[in-house]
Amino acid sequence: MTQYLRQIGLVCCGLIVSALSAAAQSPVYITGTGFADIKTFSGTEGNLYGSGSSQLGGTTAGGGLRIGTFLHPRWSLELAIDVGGKTEGSTQYPMILADIPTSLRVPDFKQRVRFLTVSSVVGYHPAPRGRLRPGYLVGFSFVRGTYQSQYPNYYALATGALTRVNLGTVFPTIFPPPVFTTETITSTENTSAVALGFETAIDLQKHLSVVPEVRALAFSQRGAGVFLIRPGVGLRWNF
């Protein structure tokens with residue numbers, strides 16, 4: 001975690017220095033963006049239980065901030081910080097216990113995930129067409145995934161006393177059936193990703209533009225391939 005924060009800090013400092021050195025020749029800009037955060041998972045899909053299935057994919061809302069500068073009329077350098085929305089999936093815990101009736105239904109347990117990305121991208125901007133200024137973006141991202149997962153526990157009446165038993169423990173016949181409870185655990189994981197994007201800045205005034213865009217990231221976390229696509233629109237102020 002400390003290593004990733006240090007790397008992000010170095011990237012931020014480098015971009016700020018570049019922006020200041022280029023500000024006398026080219027405009028610096030700030031963009032506030034809202035986007036649809038579309039998540040697609042493959043493999044184990046972030047399942048913490050080792051088996052079973054989990055559907056964490058989905059679409060939520062997110063927002064971000066971009067700070068950039070044009071180092072050349074055709075080339076830009078940008079730092080982007082984006083916070084995606086939280087999606088939720090359910091997992092059926094694979095339960096193998098001795099002397100538990102097969103008719104006993106094991107409840108589904110919830111998992112939630114949210115991704116925060118810090119991206120450094122280079123943009124190529126063809127010649128503008130009137131008020132339209134297209135741009136093609138490529139770069140790298142630091143991705144922080146925050147996972148909230150429910151771990152199952154249960155309580156069982158045995159020999160007249162209320163006893164907590166961890167799942168997976170073999171025990172004698174119990175009557176009545178156990179009562180299931182859950183415990184929510186929050187954890188994080190950091191990784192890197194390739195970032196691609198396309199945007200079209202539409203000039204409204206000398207310093208103000210509206211910027212439709214789409215950005216995509218691909219990476220791997222917890223044994224699952226993750227693909228994020230984020231179509232959105234932002235407001236850009238050019239200094």
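In the block above lies the structure referred to throughout.
The text that follows walks through the structure, step by step, so that each part is easy to find. (Residues numbered from 1 in each chain as written. Predicted model: local features only at pLDDT ≥ 70, side-chain atom pairs only at ≥ 80, totals over all residues. Heavy atoms only, no water.)

**Observations concerning a nonpolar patch on the surface**
Part 1 of the argument: There is a patch of nonpolar side chains on the surface, built from Trp75, Val122, Tyr124, Tyr136, Val138, Phe140, Val194, Leu196 and Phe198 and spanning about 870 Å² of accessible area.
Part 2 of the argument: Elements supplying a minimum of two residues to the nonpolar patch: strand 5 (108-124), strand 6 (132-158) and strand 8 (179-203).
Part 3 of the argument: Along the chain, Trp75 turns up in strand 3 (residues 75-83). (Patch = residues over 30% accessible without salt bridge, like charges linked within 9 Å, V, L, I, M, F, W, Y side chains within 5 Å. Areas by Shrake-Rupley, 256 points an atom, 1.4 Å probe, with all protein chains shown as cover. Salt bridge = Lys/Arg side-chain N within 4 Å of Asp/Glu carboxyl O. Helix = DSSP H or I, 4+ residues; strand = E, 2+ residues; numbered from the N terminus.)

**Some points on the side chain of Ser209**
Part 1 of the argument: With respect to the helices, strands and loops of the structure, Ser209 is situated in strand 9 (residues 208-221).
Part 2 of the argument: In this structure the side chain of Ser209 is engaged in a polar contact, spanning 2.9 Å, whose partner is the side chain of Asp203.
Part 3 of the argument: Those residues within four positions of Ser209 in sequence are excluded, and the remaining contacts are Ala201, Ile202, Asp203, Leu204, Gly234, Leu235, Arg236 and Asn238. (Polar contact = N/O pair within 3.5 Å; in protein donor to acceptor, adjacent residues only side chain to side chain. Contact = heavy atoms within 4.5 Å.)

**Focus: the pattern of salt bridges**
Part 1 of the argument: Inspection of the entire model under this criterion finds eleven salt bridges.
Part 2 of the argument: The closest approach of N and O atoms between Arg230 and Asp37, which form a salt bridge, is 2.9 Å. Of the two residues, Arg230 sits in strand 10 (residues 224-238) while Asp37 sits in strand 1 (residues 28-43), which places them 193 residues apart along the sequence.
Part 3 of the argument: For Arg230, a relative accessible area of 3% gives the class buried.
Part 4 of the argument: Beyond isolated ion pairs, a larger network of salt bridges with shared partners links Arg66, Glu78, Asp82, Glu199, Glu213, Arg215 and Arg236. (Buried < 20%, exposed > 50% of the residue type's maximum accessible area, 1.4 Å probe, protein only.)

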